[in-house]
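This is what each chain is made of:
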Amino acid sequence: MFLRTIALIGSLFLFSSSLFAQSGASNNGFIDYIDKKQEALSSGVVDFISDIDKTISGWINEPDEPLSCDALEKKLDNEFLQANESVDLFFKSEKYMDETQKGFLRIRLGSLFQTKESADFYYKIRAHIPLSRTKRDFQLYIDDVEQNYFDNGDLRQKETTKNEAGLRYFAPIYKDIKSHYSIGMSSFTGYARARYATDFTLGSWRIEPTQQFKYSLKSDWSEETNIYFDKTLEENSLFRTTLHRKTQSHVDGFDYALALSYYLTLSKTKGFSYTQQFWGNSKYSCDEHPEPYNGISNYSGFFSWRQNIFRKWIAYEVQPGVSFHRQYDYEPNYAVHFYVDFYFGKID
């Protein structure tokens, strides 16, 4: 597995190097060829999404005239511009992925190296399929859900993959509350999830509280709250404070965390961020310290550089960082997270 992954990542670098070498040449035939192939694949993804939408629409036979795809895109673009979420759009944050209704396919190749844990190599596939003809507020999705940096104290654990697939419904906004509901399967276990969000301004700050509830046939109930405090420093930079709290029926105590993040987009193709995060649990315990502990169990900071490679549909991100976790007696755990994303369909 290790050798295959190294070979895969090596092939990716060779592929990128070939693109770079050709880009400076007078003959752009190879680049044009790659662009045409990506365009054809994206068209195939869009056509596939449209065929699924048409098929389900035929089954349901919705009498109301649906919103056209072009009109839907314009509606969504205006919503994102009004919400001032260009940073989340560029970095493709989990917050953006939770809220977007656009259709796309993303393939991610990644690796995680740590001084306190063995290296991890992985690939992920994520797809969103909006059903604009069937019912404009429905969406099919396939997710390889990433481990959030609020989960279990961030960098001390390997990247975990939870395969999810299901149907999501975006409800109409009610009294400024945005909500969506999901039913699906995660690692062959059924679940249902509801997410609620609203936002308001307080002086120069934009505040967005979110609440999520989930019921799983395997792990029962869980719920979490995230409150985002966003302040736009300049047109292309953002300071975000995130407050997090989470409870799970199969885990003692509750998680709590604070993250301070700074984002800067240098251009349409590159940007960086830095996050300082503090994580704890009211009854945290581990093998090294089995007694319950109500305090900060992990202090971590990580820098992230994200950039498009030659074309907007290929992007890489490098995240070096360090964490100080109670499990390791707060000794430094240095880590580097690297991944490359390939996008097909609606990517911006």
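Draft legend 1. Structural view of the packing of aromatic side chains. For the coordinates displayed, the defined rule picks out twelve aromatic pairs. Aromatic pair Trp205 and Phe239: ring centres 6.3 Å apart, planes at 75°, arrangement edge-to-face. One end of the pair, Trp205, is in strand E8 (residues 205–216); the other, Phe239, is in strand E10 (residues 237–248), with 34 residues separating them in the sequence. According to the relative accessible area criterion, Trp205 is partly exposed, its value standing at 30%. Ring geometry for Tyr215 versus Trp221: centroids 5.0 Å apart, planes at 50°, classification tilted. Its relative accessible area of 31% is what places Tyr215 among the partly exposed residues. Here the aromatic residues Tyr181, Tyr196 and Phe213 are joined through ring pairs into a cluster of three or more. Residue placement shows Arg108 over the ring face of Tyr339; its charged tip is 3.6 Å from the ring centre. One Lys or Arg, Arg326, reaches over the ring of Tyr293 and ends 3.9 Å from the middle of that ring.

Draft legend 2. Inspection of the confidence of the model for the protein at higher detail. When pLDDT is averaged along the protein, the result is 77, and 68% of the positions lie at 70 or above. Confidence over residues 19–23 falls short of pLDDT 50; this stretch has twelve contacts with residues more than four positions distant or in other chains. The model gives residues 153–159 a pLDDT under 50, and that stretch makes 40 contacts with residues more than four places away or in other chains.

Draft legend 3. Geometry of the side chain of Thr275. Relative to the elements of secondary structure, Thr275 occurs in strand E12 (residues 270–284). A distance of 2.9 Å separates the side chain of Thr275 from the side chain of Ser261, its partner in a polar contact.

Draft legend 4. Focus on the nonpolar core. Leu109, Ile309, Trp313, Ile314, Phe338, Val340, Phe342 and Phe344 form the largest nonpolar core, which has eight residues in total. With four residues, the top contributor of residues to this core is strand E15 (residues 332–345).

Draft legend 5. Up close: the pattern of salt bridges. This model, assessed by the stated rule, comprises twelve salt bridges. Here Arg193 ties to Glu164 by a salt bridge, and the two come within 3.4 Å at their closest N and O atoms. Here the residue Arg193 occupies a position in strand E6 (residues 189–197), and Glu164 occupies one in strand E4 (residues 162–174), the gap between them amounting to 29 residues. Here Arg193 and Glu164 have matching classes, each one buried. The partner of Glu208 in a salt bridge is Arg206, with the nearest N and O atoms 3.8 Å apart. Considered together, Glu208 and Arg206 belong to a single accessibility category, that of buried residues. The network of salt bridges with common partners includes Arg108, Arg306, Glu317 and Asp341.

Draft legend 6. Inspection of the side chain of Ser304 at higher detail. Relative to the helices and strands, Ser304 resides in strand E13 (residues 293–309). There is a polar contact of 2.3 Å between the side chain of Ser304 and the side chain of Glu317. Setting aside chain neighbours within four positions, we find Ser304 in contact with Gly271, Phe272, Ser273, Glu317, Val318 and Gln319.

Draft legend 7. Spatial organisation of the environment of Asn236. For Asn236, the location among the structural elements is in the loop between strand E9 (220–234) and E10. Here the alpha-carbon distance between Asn236 and Lys268, two residues 32 residues apart in the chain, equals 9.8 Å. Among residues more than four places away in sequence, those in contact with Asn236 are Tyr263, Leu264 and Thr265. Among the polar contacts made by the side chain of Asn236, one reaches the main-chain carbonyl oxygen of Thr265 at a distance of 2.8 Å.

Each value, and the rule that gives it
Residues numbered from 1 in each chain as written. Predicted model: local features only at pLDDT ≥ 70, side-chain atom pairs only at ≥ 80, totals over all residues. Heavy atoms only, no water. Phe/Tyr/Trp six-rings, centres within 6.5 Å; stacked < 30°, edge-to-face > 60°. Helix = DSSP H or I, 4+ residues; strand = E, 2+ residues; numbered from the N terminus. Buried < 20%, exposed > 50% of the residue type's maximum accessible area, 1.4 Å probe, protein only. Lys NZ or Arg CZ within 6 Å of the ring centre and 35° of its normal. pLDDT = per-residue confidence, 0-100. Contact = heavy atoms within 4.5 Å. Polar contact = N/O pair within 3.5 Å; in protein donor to acceptor, adjacent residues only side chain to side chain. Core = buried A, V, L, I, M, F, W, Y, C linked by side-chain atoms within 4.5 Å. Salt bridge = Lys/Arg side-chain N within 4 Å of Asp/Glu carboxyl O.

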